[in-house]
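Observations on the three-dimensional arrangement
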Amino acid sequence: MSEGEDRITNLPDSIIHEIFSFLDIKWIIRTSALSKRWKRISASIPFLELGRFSLRGMSPEKFMDTVDKVLHFHDMSNIKILEIYWSGINWPEGKVNASRVNLWLSTAIMRNIEDLTLNIELSEPFRIPLSLVTCESLIILELSLSQIMYLPSCMSLPRLKDLKLCQAKFSDGYNKDSLFSGCPVLEHLRMDSCDWSDVKSFCITTPALKQLEIIGSDDYDNWDLKSNGLLDCSLRIHAPNLVSLTYWDDLPKEYDLSSFPALVDADICFDQFVGDATTGDKIGVGAAASKFLRALSYAKCLTLSHRTIKSLSYAEDLQNNLPTFHHLKDLTVELKADTDEVLVVLLQSAPNLESLVFDRPPRRDDVVEGGDNQNNEDDSLELDMMGSGCSFLRPKRVFFKVFVGTPSQMRWAKLIVKEENASQTMTVGYTNSYDCIIWKSENQCLLELPIGLSTRSASLFNISSSDCLH
């Protein structure tokens, strides 16, 4: 090789495009001035990322103009990946215009887009064009526009495998049984902060679906948005190949969940706040919660929030209304004093459990709701008496992610130490985080374990001084 020889220019276009995928768009465009070949290569790049790392901090007007220029600069070759991000955090008075977004979508569709992400703050509600949800080339689609999105009444996306919708508005005008049936190979569906207020019933029938996430709004300052969940909707899910389910929303009014024989993990966080509901209403919530869990009997890993467990506590005869979780190996729960009895029933329903994880303790802003108040120091529940004749603490490993010595944590720690199981280990993470109320010091926790079990306590009770054990 002679000195000064340009080896990069001699690389194939595909290799140069791969190198471009790691560069800021402004540097890619500048290479077009090098020669006619470089202009052709830079104008045909199949990967365009605009705004996530490049173009950050621009005003909405300048950002829209820049995206227009980049897409106009691109030739008629296919665009494999297009990602457009814009946050108005520095521009509270300005937003991206919906008409410009429609032009960008048209360009992407004409270029046979395969992977499209729009994560931008719009100035107004947005109607998704029919051409987007009938684009035959799409494989991945993510739409998050900070405004309500109105979807067409049907979809036909034969290659789509991954769909994420944030703040989409559904209505009874849809052909609900076929909204996703036009996506025959869909494997991952995420619906985040969507609006179901105009929907009486909703059906997810996707035989190929492997991962489903339904996430309600966490905007507690906007009650209108919070009230748009599935609380008044009938929900049907038929996904026989589902592997992972995340459900963080209100319990639907009615629901029909098929069995999920391939289910590996489920993360359930019912958002119900019962408050001053009547006894009958609470019993109804409990019945609905236990019915929901019956559909998860094949799960190998299960995560339940405090409100989910609290909802189960209202069920009549819970022990006979829960399934036996024969496949369950790992259970993660939020531990608070008002759900001890439910947790006992859950443990009795999981005969092959190997790992029990107690998630975060009460924080400063939720102590009242959780029930682990400072006056609740007695052991009146006597968990060890409840378990007499039935060794319900079968897991080999018990983790307290953040241990601060709450009454609930101490009761369960004492009970675990008392269990005659030589193979069982208990690990705790101790924290000094301001967010958590520190009930007892590390030494106090150790001193209050059962007398006479100091040797066993030392081998079981491993304290790690960290904010959280992962």
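In short, a report on the structure. (Residues numbered from 1 in each chain as written. Predicted model: local features only at pLDDT ≥ 70, side-chain atom pairs only at ≥ 80, totals over all residues. Heavy atoms only, no water.)

On to the overall build of the protein, then. For the protein, the count of helices and strands is 15 helices and 20 strands. Each of the 470 residues in the protein was classed as buried or not, and the buried ones make up 50%. A fraction of 68% describes how many contacts in the protein between residues 6 or more apart in sequence connect residues 24 or more apart. (Helix = DSSP H or I, 4+ residues; strand = E, 2+ residues; numbered from the N terminus. Buried < 20%, exposed > 50% of the residue type's maximum accessible area, 1.4 Å probe, protein only. Contact = heavy atoms within 4.5 Å.)

Moving on: the packing of aromatic side chains. This model, assessed by the stated rule, comprises 12 aromatic pairs. Aromatic pair Phe 63 and Trp 104: ring centres 6.3 Å apart, planes at 80°, arrangement edge-to-face. Taken as a pair, Phe 63 in helix 4 (residues 60-73) and Trp 104 in helix 5 (residues 98-110) lie far apart in primary sequence, 41 residues in all. Trp 104 matches Phe 63 in its accessibility class, with the two residues each being buried. Relative to Phe 292, the ring of Phe 270 lies with its centre 5.1 Å away and its plane at 85°, an arrangement referred to as edge-to-face. Residue Phe 270 is located in strand 14 (residues 265-270), and its partner Phe 292 is located in helix 7 (residues 279-294); the two are separated by 22 residues in the primary sequence. For the residue pair Phe 270 and Phe 292, the accessibility class agrees, reading buried in each case. An aromatic cluster of three or more residues is present, and its members are Phe 170, Phe 180, Trp 196 and Phe 202. Above the plane of the ring of Tyr 255 lies Lys 291, whose end atom (NZ or CZ) is 5.0 Å from the centre. (Phe/Tyr/Trp six-rings, centres within 6.5 Å; stacked < 30°, edge-to-face > 60°. Lys NZ or Arg CZ within 6 Å of the ring centre and 35° of its normal.)

Here strand 13 (residues 254-257) shows a clear split, with Tyr 255 and Leu 257 buried on one side and none of Glu 254 and Asp 256 buried on the other. Bridge count between strand 11 (residues 234-238) and strand 13: 4 bridges; the pairing is parallel. Bridge assignment links Ile 237 to a residue of strand 13, and that residue is Leu 257. (Pairing = 2+ DSSP bridges.)

Relative orientation of the contacting elements helix 4 and helix 5 amounts to 20°, with a least axis distance of 11 Å. Of the possible angle classes, the one that applies to helix 4 and helix 5 is roughly parallel. Two packed elements cross with a definite hand, and for helix 4 against helix 5 that hand is left-handed. Across from Phe 63, Met 64, Asp 65, Val 67, Asp 68 and Leu 71 in helix 4, the residues of helix 5 making contact are Arg 100, Trp 104 and Thr 107. (Axes fitted to C-alpha atoms, helices over the stretch in contact; angles between N-to-C directions. Parallel < 35°, antiparallel > 145°, perpendicular 65-115°, else oblique. Left-handed = near helix turned anticlockwise from the far one by under 90°.)

Bringing the environment of Trp 27 into the picture now. Here Trp 27 is to be found in helix 2 (residues 25-30). According to the relative accessible area criterion, Trp 27 is partly exposed, its value standing at 45%.

Contact geometry for helix 1 (residues 13-20) and helix 3 (residues 36-43): axes closest at 10 Å, N-to-C directions at 60°. Considering the angle they form, helix 1 stands oblique to helix 3. As for the relative orientation of helix 1 and helix 3, their crossing is right-handed in sense. Contacts between helix 1 and helix 3 pair Asp 13, Ile 16, His 17 and Phe 20 from the former with Arg 37, Trp 38, Arg 40, Ile 41 and Ser 42 from the latter. Across the contact of helix 1 with helix 3, the residue classes break down as 4 nonpolar, 2 polar and 3 charged. (Nonpolar A, V, L, I, M, F, W, Y, C, P; charged D, E, K, R; others polar.)

The next point concerns the pairing of strand 11. Pairing analysis gives 5 bridges linking strand 9 (residues 201-205) to strand 11, with the strands arranged parallel. Bridge pairing in strand 11 places Thr 205 opposite His 238.

With that settled, consider helix 3. Every buried residue of helix 3 is accounted for by Trp 38, Ile 41, Ser 42 and Ala 43. Where helix 3 is buried, its residues contact helix 1, helix 2 and helix 4.

Looking at the element boundaries, Trp 91 is found in the loop between strand 2 (81-86) and helix 5. The class for Trp 91 is partly exposed, based on a relative accessible area of 34%. A C-alpha to C-alpha distance of 8.6 Å links Trp 91 and Gly 57, two positions 34 residues apart in sequence. Excluding its chain neighbours within four sequence positions, the residues that come into contact with Trp 91 are Gly 57, Met 58, Ser 59, Pro 60 and Trp 86.

Across all of its chains, the model carries 12 salt bridges by this definition. Residue Asp 256 is joined to Arg 236 by a salt bridge in which the shortest nitrogen-to-oxygen separation is 3.9 Å. Of this pair, Asp 256 sits in strand 13 while Arg 236 sits in strand 11; the two residues are 20 residues apart in sequence, bridging distant segments of the chain. Assessed through its relative accessible area of 38%, Arg 236 is described here as partly exposed. Where Arg 411 meets Asp 340, a salt bridge forms, and the shortest distance between an N and an O atom there is 2.9 Å. (Salt bridge = Lys/Arg side-chain N within 4 Å of Asp/Glu carboxyl O.)

What follows covers the side chain of Thr 246. Mapped onto the secondary structure, Thr 246 falls in strand 12 (residues 244-249). On the accessibility criterion, Thr 246 (12% relative accessible area) is buried. Among residues more than four places away in sequence, those in contact with Thr 246 are Leu 212, Glu 213, Ile 214, Ile 215 and Asp 267.

This part covers the state of the cysteines. Going through the model one piece at a time under the given rule, you end up with 0 disulfides. Of all cysteine sulfurs, the one in Cys 166 lies closest to Cys 194, which takes part in no disulfide; the gap is 7.0 Å. Cys 194 gets classed as buried once you look at its relative accessible area, which sits at 8%. (Disulfide = S-S within 2.5 Å.)

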